[in-house]
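Inside the fold
One letter stands for each residue in the lines below.
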Amino acid sequence: MEKNIYENLKKIRKEISKNVTLVAVSKTKPQEDILEAYSAGQRIFGENKILEMSAKYEELPKDIEWHMIGHVQRNKVKYMASFVSLIHAVESEKLLKEINKRALQNDRVIDCLLQIHIADEQTKFGFSYQEVEDLISSKVYKKYENIRLVGFMGMATNTDDKDKVSSEFEMLNSFFCKMKNVDDNFKILSMGMSGDYKIAMEKGSNMIRVGSYIFGKRNYTK
Ligand SMILES: *Cc1c(COP(=O)(O)O)cnc(C)c1O
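From a predicted model like this one, the values you see are computed outputs, not experimental measurements.

Helix and strand counts for the protein chain come out as 8 helices and 8 strands. The globule rule puts the C-alpha radius of gyration for 222 residues at 17 Å, and the 17 Å found for the protein chain is close to it. On the principal axes, the C-alpha backbone points of the protein chain span a range of 50 × 45 × 35 Å. Burial status across the protein chain gives 50% buried among its 222 residues. If you sum the accessible surface of the protein chain, you get close to 11100 Å²; carbon and sulfur atoms cover 47% of it. Mean positive and mean negative side-chain charge positions of the protein chain (36 and 32 charges, respectively) differ by 3 Å.

As structure tokens, this is what we get:
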């Protein structure tokens, strides 16, 4: 993908409907790239490393909404608790407890999504459907008053098999629809990345996390 952030953003905005929120995934990308997207009107950015996100938060315009989309290390929650606007990948009750504690210290309520493991791969983090159902029906999450659970996140199997991806998203969406009846706060279904956001939107996603399609390939070696 050619690096033309402005054009890439324009293209993707044409493809998404109004009810879908675009999270521009800027992990590993320099501030100039984020500012280019910012000038094109983008205000929501996603990062997967807490320290990288807080460094960017310090330097960049304060009307940016920062989403933590990656795996969260409990001992680093304190570094983002004062500003993070949505945590996508909550996958244990211990983590809920820590986020709640840090949110309370900052006198905030932090919005969180529960990550559900929907892919085949063993490596992807997340709750099983059953665990989430148990957590929700037990109402234990309600005792964490400085957390608002607002929905679910899932990552499909990394495969060219579109039918497989499609059925994984479909299953997560039907779970989401069922849970919406249980709690009015469940409004967000975060699914879809550069390679599969179109399928995800067809299957009911209302929040997509798109990185390389906007910013170009990531260079992890730096
Ligand atoms: C990196 C990342 C993305 C974006 O991936 P792209 O393929 O570059 O769009 C989305 N979600 C999560 C959780 C990620 O870590």
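There's more to say after this.
Taken together, V25, K27, I69, M153, M155, M193, S194, R209, V210, G211, S212 and R218 make up all the residues around the ligand. In the model, an oxygen atom of the ligand is placed 2.8 Å from a nitrogen or oxygen of the G211 main chain. Between the ligand and the protein, one listed contact pairs an oxygen atom with a side-chain N or O atom of R218 at 2.8 Å. When isolated, the ligand has an accessible area of 390 Å², and the protein chains bury 90% of it. The class makeup of the residues in the shell around the ligand is 6 nonpolar, 3 polar and 3 charged.

With that settled, consider the environment of K94. Mapped onto the elements, K94 comes out in helix α4 (residues 93-105). We classify K94 as exposed; its relative accessible area is 55%. For the pair formed by K94 and Y129, sequence separation is 35 residues and the distance between their alpha carbons is 18 Å.

This next bit is on the side chain of E47. With respect to the helices and strands, the residue E47 is situated in strand β2 (residues 44-47). In terms of polar contacts, E47 uses its side chain to reach the side chain of K56, at 2.9 Å. Every residue in contact with E47, bar those within four places of it in the chain, is listed here: S26, K27, T28, I34, E52, M53, K56, W66, H67, M68, I69 and G70.

Another aspect to go through is the nonpolar core. One finds I12, M80, I87, I99, F152 and I208 to be the most contacted residues of the largest nonpolar core, which totals 64 residues. In terms of residue count, the dominant contributor to this core is helix α6 (residues 162-180) (6 residues). Every residue in contact with I99, bar those within four places of it in the chain, is listed here: V77, I87, V90, I110, C112 and I147. Core analysis: the next-biggest nonpolar cluster, separate from the first, contains 9 residues, I44, L86, L113 and M207 among them.

Our focus in this paragraph is the packing of helix α1 (residues 5-15) against helix α2 (residues 31-39). The contact between α1 and α2 brings their axes to 9 Å, and the two run at 45 degrees. With respect to α2, the element α1 is oriented oblique. Crossing hand, α1 versus α2: right-handed. Judged by residue contacts, I5, Y6 and L9 of α1 engage D33, E36 and A37 from α2. Classifying every residue of the contact of α1 with α2 by side-chain character gives 4 nonpolar, no polar and 2 charged.

So, how was this worked out
- Per chain, residue numbering runs from 1 following the sequence as it is written.
- Where totals are concerned, whole chains, interfaces and linings use all residues; where local detail is concerned, this predicted model gives features only for residues with pLDDT of at least 70, and gives and counts side-chain atom pairs only at 80 or more.
- Each side-chain value is derived from all of the structure's non-hydrogen atoms; neither hydrogens nor water enter the calculation.
- Secondary structure elements are taken from DSSP: a helix is a run of H or I of four residues or more, a strand is a run of E of two residues or more, and numbering for both begins at the N terminus.
- When we talk radius of gyration, it's over C-alpha atoms, and the globule rule is simply 2.2 Å times the number of residues to the 0.38.
- Each residue is placed in one exposure class: buried if its accessible area under a 1.4 Å probe, protein chains only, is under 20% of its type's maximum, exposed if it is over 50%, and partly exposed if it falls in between.
- All accessible areas in this document rest on Shrake-Rupley with a 1.4 Å probe, and a residue is counted as covered only by the protein chains that are shown.
- Only four residue types enter the charge count, namely Lys and Arg as positive and Asp and Glu as negative; His and the chain termini do not.
- A single reference atom marks each charge: NZ on Lys, CZ on Arg, CG on Asp, CD on Glu.
- Only heavy atoms are used to decide nearness, and a residue is near a molecule or strand if one of them lies within 4 Å of it.
- Any N or O atom pair separated by 3.5 Å or less is treated as a polar contact, with the protein-specific requirement of one donor-capable and one acceptor-capable atom, and with residues adjacent in sequence counted only for side-chain atom pairs.
- In this count, Pro and Cys sit with the nonpolar residues alongside Ala, Val, Leu, Ile, Met, Phe, Trp and Tyr, while Asp, Glu, Lys and Arg are called charged and the others, Gly among them, polar.
- It only takes one pair of heavy atoms within 4.5 Å for two residues to be counted as in contact.
- Nonpolar cores were defined as sets of buried Ala, Val, Leu, Ile, Met, Phe, Trp, Tyr and Cys residues, with membership established by side-chain atoms within 4.5 Å.
- To get an axis, fit a line to the C-alpha atoms, keeping to the stretch in contact for a helix; angles then go from 0 to 180 degrees between the N-to-C directions.
- Any angle from 65 to 115 degrees is called roughly perpendicular, while one under 35 is roughly parallel, one over 145 is roughly antiparallel, and all others are oblique.
- Here is the rule for handedness: rotate from the far helix to the near one, and if that takes an anticlockwise turn smaller than a right angle the crossing is left-handed, while a clockwise turn gives right-handed.

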